[in-house]
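Chain by chain, the residues:
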Amino acid sequence: MNTAARQPQLRRQQHVDLALAGTLLLIGVLLLIAIAGLPAGTSADPVGPRGFPSLLAVGFLGSATALAAKAMLARRHPRAYLLASADPDSADSEGPVLRSRLVLASITIVGYVLLLPIVGFLLITPAFIVALIIIQGGVATRSLIVMAVGFPIAVYLLFAVLLGVPLPGGVFDPMSLGVSDTVSLGVSDTVSLGGGR
Amino acid sequence: MLEGLGSGFLSLLTLSGILAMLLGLIWGTIGAALPGISGPQAMALLLPLTFVMDVGTALMLLAGVWVGANYGGSIPAILIRTPGTASNAAAVIDGNALARQGKAGKALGVSLVCGCIGGFISVVLLIALVVPLGQITLSFASPEIFALTVFGLTVIATVAGPSMIKGIAAALFGLLLTTVGLDQITGAPRFTFGRPELLSGFELIAVLIGFFAIAEMLYQIARPGEIISKIDRSVNTKLPTLRELTALRRSTAIGSGVGIVVGMVGAGGAVSSFVAYGEAKRWSKEPEKFGKGSMEGVAAPETANNSDQGGALVPALALGIPSSASAAIILAALILQGVRPGPALMAERSDVLYTFFAALLVTNVLMLPVGIAILRLCIAMVSVRAPLLISGVLVLSLIGTYSLNRNPTDVVVAVVFGFIGYAMKVYGFSPAAAVLGLVLGYIMEGELRRSMMMSLGSPEIFLNRPIAAVVLLLAALVLLRPLIARVRRGMRNSRAPRRRSRDRI
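Just so it is clear, the structure is predicted and the values come from calculations on it, not from any experiment.

Participant: What exactly am I supposed to notice about the overall build of chain B here?
Facilitator: Each helix and strand in chain B was counted, giving 23 helices and two strands. Rg of the C-alpha trace for chain B: 23 Å, near the compact-globule value of 23 Å for 505 residues, within the 12% margin. For the C-alpha atoms alone, the extent of chain B along its principal axes is close to 80 × 70 × 50 Å. Taken across its 505 residues, chain B has 62% of its residues classed as buried. About 18500 Å² of surface is accessible on chain B, with carbon and sulfur atoms providing 66% of the total.

Right, dumping it as structure tokens:
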């Protein structure tokens, strides 16, 4: 690619990186504000709950500054800058980005997650699969029916029957699929990333 | 060591153990053969199932997936020029050239056998290194462990993507997530914003599934690949003869060496297979055949790709520092089972480690018959249309996450991190670096705070202890590497004109 052809791409990448630097800056600043409410270190625990997040906030601010500086100095080494900014999976990212598909699929996923405890797994999953497949351009009717009906049954057999994990039954049948004791937003008793470990 | 390994082999001899390894191999091979699903994604999707297993069986299953995934990705790479995973991209060059010459079966056979050899050698080396390393690191205290976590994260963040700054930012994001929940020393809530469901932090597996599976499916929806219309279903695996294998010994040895070393530093299977391909070509007696259908061109990258697994597990199991996404998932599975990874792992749960080592050795051997037997199934699965595959993976991801605690909040967490992971992938922030931050964050903060308690608040403790100081210095050098390289380049460039002008005089 020659220098002239590279210019619009360079400008676009600079804008993207400056916006990303702004996002990192925002995360750093918000983190600093949130840290202010945490207890400071004591003689018994000099770092305290505030210390580690403070270091991370400094890291975010540093990354934001470095990214912004790199974007602003991009004109000095445009080729190296564009190479370093390339999508790591550029090989499979060629071709158009279908944003409308992505938005519709995202709405469908969010809808599925929200409706799953209410409607129940066996009723909502076929509708979810049909919607997702249609959003992606569809497949042959026979494959669609087999997938929409067969796959939820297979997943149900795997989880509910084989592994003994009750799946959400929804309002229509709260007892048979064991949902009555599952729709709980309480603290889980299993391993998590934070204090629960 | 041999006694431990013997009991490890004995623990595999259960129906559930053998089934777990076989299922893992089959799922790993099929999963990686499907474009869009890589080894870590195939492993992440199975993590919820490990929750109902004992730790040994869970590790046998994941060992099977890991080994299977290394081979599975080469099937579409050889047959249709579409690598199932990035690690198999180098196999496309000569593997597909051989397929076009009607030697697809032989190329698949070389990939399978050399991969198994590479995987087996790397696991033997892993066992040989982890046990003595584990004994050395037992003497490490909090400052050394903190320094090691900093070093591990620095290395991964700098090699995780094309931009080091974005790699570091992604790792910082992973670390930040671990600060949510009850503070590990004082027990006070931190960044929970009054939400009781955040008191125990984010569910690790939900975040992993979001980052790896959901994010990738969103990426596939937004950027659909080409439809696979024609694939030769009559191909059969043809194993190489002993004479052919002897002829491939040089490239297999190069692949093993490169894979193990690159795996240890965490550069990943894609880097190791391309480096091995280049080195095999350089040392080959017939370099002109590379790119036109050379068996050596298949053997070297496929051996490296499989050897990578043993290399990546050395720092993960000896030090608790994963150097790849797959190794991070193994550590996540251990955490899920209540086993704490880190230098004390060998002393506290050597039974678990030996079972895992034995499972890795056995699955590398079992891969041969399984790989031959399920080739047709893999080819059939590769032909499955993407919309069917994506919707299936999404249902499995969401229901798998739900099954962990039967808690809808976990599903919401997985979806939110799926969207975040998608955005990170699009804008060049490596989700793998974030996951490594996630796995290391809790250990890193704990050891930092304990170190500072030991020194009564003086950070000099990291400089006064030689091992910690050296490791932190190495981390600083890794971070400053681009700057050092630029300064050296500048000095070379400034010397060059002077030399040229002297020559003219």
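Participant: Hey, could you run me through the interface of chain A and chain B in this one?
Facilitator: Interfaces are frequently sized by the accessible area removed from exposure as the parts join. On the side of chain B, 82 residues touch chain A, which itself brings 83 residues to the contact. Across the interface of chain A and chain B, roughly 7200 Å² is buried in total on both sides, 74% from carbon and sulfur atoms. Between the two partners, chain A and chain B, sit two salt bridges. With a closest N to O distance of 3.1 Å, Asp17(A) and Lys166(B) form a salt bridge. Remark: the boundary between chain A and chain B carries four residue pairs in polar contact (both at pLDDT 80 or more).

Participant: Which parts of the structure should I look at to understand the packing of helix 10 (residues 204-222) of chain B against helix 20 (residues 408-426) of chain B?
Facilitator: Two measures define how a pair of helices packs: the angle their axes make with one another and the distance between the axes. Residue and element names in this part refer to chain B. As a packed pair, helix 10 and helix 20 sit with axes 6 Å apart at the nearest point and diverge in direction by 55 degrees. It follows that helix 10 is oblique to helix 20 by the angle criterion. As helix 10 runs across helix 20, the sense of the crossing is right-handed. For the contact of helix 10 with helix 20, the class distribution of residues is 17 nonpolar, three polar and three charged.

Participant: Explain the environment of Gln309(B) to me, please; I cannot follow it from the model alone.
Facilitator: All names here are of chain B. Here Gln 309 is to be found in helix 14 (residues 295-319). Gln 309 sits in the buried class, given a relative accessible area of 0%. For the pair Gln 309 and Gly 119, spaced 190 residues apart in the sequence, the C-alpha separation amounts to 7.0 Å. With residues near it in sequence (within four places) discarded, Gln 309 still touches Trp 66, Val 67, Asn 70, Gly 119, Ser 122, Val 123, Leu 360 and Asn 364.

Participant: What is the right way to read the packing of helix 2 (residues 15-33) of chain B against helix 4 (residues 55-72) of chain B from this model?
Facilitator: All names here are of chain B. Orientation of helix 2 relative to helix 4, taken along the N-to-C sense of each, is 30 degrees, at an axis distance of 6 Å. Viewed along their axes, helix 2 and helix 4 adopt a mutual orientation that is roughly parallel. Along this stretch, helix 2 crosses helix 4, giving a crossing that reads as right-handed. Contacts between helix 2 and helix 4 involve Ser 16, Gly 17, Ala 20, Met 21, Leu 23, Gly 24, Leu 25, Trp 27, Gly 28, Thr 29, Ala 32 and Ala 33 from the former and Thr 57, Met 60, Leu 61, Gly 64, Val 65, Val 67, Gly 68, Ala 69, Tyr 71 and Gly 72 from the latter. Here the residues of the contact of helix 2 with helix 4 are counted per class, giving 13 nonpolar, nine polar and no charged.

Participant: Looking at this model, I keep getting lost on unusual backbone geometry. Mind explaining?
Facilitator: Comment: phi is negative for the bulk of residues other than glycine, and the bulk of peptide bonds are trans. Residues and elements named next belong to chain B. The phi angle at Phe 191 is positive, at roughly 50 degrees, despite the residue not being glycine. Look at Leu 456: it is not a glycine, yet its phi comes out positive at around 55 degrees. Examined against the element boundaries, Leu 456 turns out to sit in the loop between helix 21 (431-454) and helix 22 (461-464).

Participant: I keep staring at the pattern of salt bridges and nothing clicks. Help me out?
Facilitator: A side chain of one charge can pair with a side chain of the opposite charge when the charged atoms of the two come close. Residue and element names in this part refer to chain B. All chains considered together, the criterion is met by 15 salt bridges over all chains. Across the salt bridge formed by Asp 183 and Arg 449, the nearest N and O atoms sit 2.5 Å from each other. Of this pair, Asp 183 sits in the loop between strand 1 (181-182) and strand 2 (189-190) while Arg 449 sits in helix 21, and the two are 266 residues apart along the sequence. Under the relative-accessibility criterion, Arg 449 is labelled buried at 0%.

Participant: Hey, could you run me through the packing of aromatic side chains in this one?
Facilitator: Both the distance between ring centres and the angle between the ring planes are used here to describe each pair of aromatic rings. Residue and element names in this part refer to chain B. Counted under the stated rule, the structure contains seven aromatic pairs over all chains. Judged by centre distance (5.1 Å) and plane angle (45 degrees), the ring pair of Phe 146 and Phe 462 falls under tilted. Taken together, the residues span a long stretch of sequence, with Phe 146 in helix 8 (residues 142-159) and Phe 462 in helix 22 at a distance of 316 residues. Comparing Phe 146 with Phe 462 shows no difference in burial state: the two are buried. Grouping aromatic residues by their ring pairs yields a cluster made of Phe 202, Phe 211 and Phe 417. Between Lys 166 and the ring centre of Phe 429, over which it is positioned, the NZ or CZ distance is 5.7 Å.

Participant: What's the story with the side chain of Ser74(B) in this structure? I'm lost.
Facilitator: Residue and element names in this part refer to chain B. Turning to its location among the elements, Ser 74 is positioned in helix 5 (residues 74-80). Exposure remark for Ser 74: the relative accessible area of 0% places this residue in the buried category. Within polar-contact distance, the side chain of Ser 74 engages the side chain of Glu 302 at 3.4 Å. Residues contacting Ser 74, with those up to four places away along its chain left out, are Asn 88, Leu 108, Ser 111 and Glu 302.

Participant: So what exactly am I meant to see when it comes to the confidence of the model for chain B here?
Facilitator: Note: predicted coordinates in regions of low pLDDT should not be interpreted at a detailed level. Within chain B, residue pLDDT values average 85, and 95% of them lie at 70 or more. For this predicted complex, the interface confidence reaches an ipTM of 0.82, while the overall pTM sits at 0.80.

Participant: Would you explain helix 19 (residues 386-405) of chain B in this entry?
Facilitator: All names here are of chain B. In this model helix 19 runs 30 Å from its N-terminal to its C-terminal C-alpha over 20 residues, within 8% of the 28 Å that 1.5 Å per residue would give. Extensive coverage of helix 19 is indicated by the burial of 18 of its 20 residues. Phi for Arg 406, located one or two positions after helix 19, is positive at around 50 degrees.

Participant: How should I be thinking about the environment of Tyr81(A) in this particular structure?
Facilitator: All names here are of chain A. Within the secondary structure layout, Tyr 81 lies in helix 3 (residues 78-84). A sequence separation of 51 residues divides Tyr 81 from Leu 30, and the C-alpha atoms of the two residues are 29 Å apart. When sequence neighbours within four positions are dropped, the list of residues in contact with Tyr 81 reads Leu 10, Gln 13, Gln 14, Asp 17, Lys 70, Ala 71 and Ala 74.

What counts and what doesn't
- Residues numbered from 1 in each chain as written.
- Chains lettered and ligands numbered in written order.
- Predicted model: local features only at pLDDT ≥ 70, side-chain atom pairs only at ≥ 80, totals over all residues.
- Heavy atoms only, no water.
- Helix = DSSP H or I, 4+ residues; strand = E, 2+ residues; numbered from the N terminus.
- Rg over C-alpha atoms; globule rule 2.2 N^0.38 Å.
- Buried < 20%, exposed > 50% of the residue type's maximum accessible area, 1.4 Å probe, protein only.
- Areas by Shrake-Rupley, 256 points an atom, 1.4 Å probe, with all protein chains shown as cover.
- Contact = heavy atoms within 4.5 Å.
- Buried area = accessible area lost by both parts, 1.4 Å probe.
- Salt bridge = Lys/Arg side-chain N within 4 Å of Asp/Glu carboxyl O.
- Polar contact = N/O pair within 3.5 Å; in protein donor to acceptor, adjacent residues only side chain to side chain.
- Axes fitted to C-alpha atoms, helices over the stretch in contact; angles between N-to-C directions.
- Parallel < 35°, antiparallel > 145°, perpendicular 65-115°, else oblique.
- Left-handed = near helix turned anticlockwise from the far one by under 90°.
- Nonpolar A, V, L, I, M, F, W, Y, C, P; charged D, E, K, R; others polar.
- Phe/Tyr/Trp six-rings, centres within 6.5 Å; stacked < 30°, edge-to-face > 60°.
- Lys NZ or Arg CZ within 6 Å of the ring centre and 35° of its normal.
- pLDDT = per-residue confidence, 0-100.
- Expected span 1.5 Å × (residues − 1).

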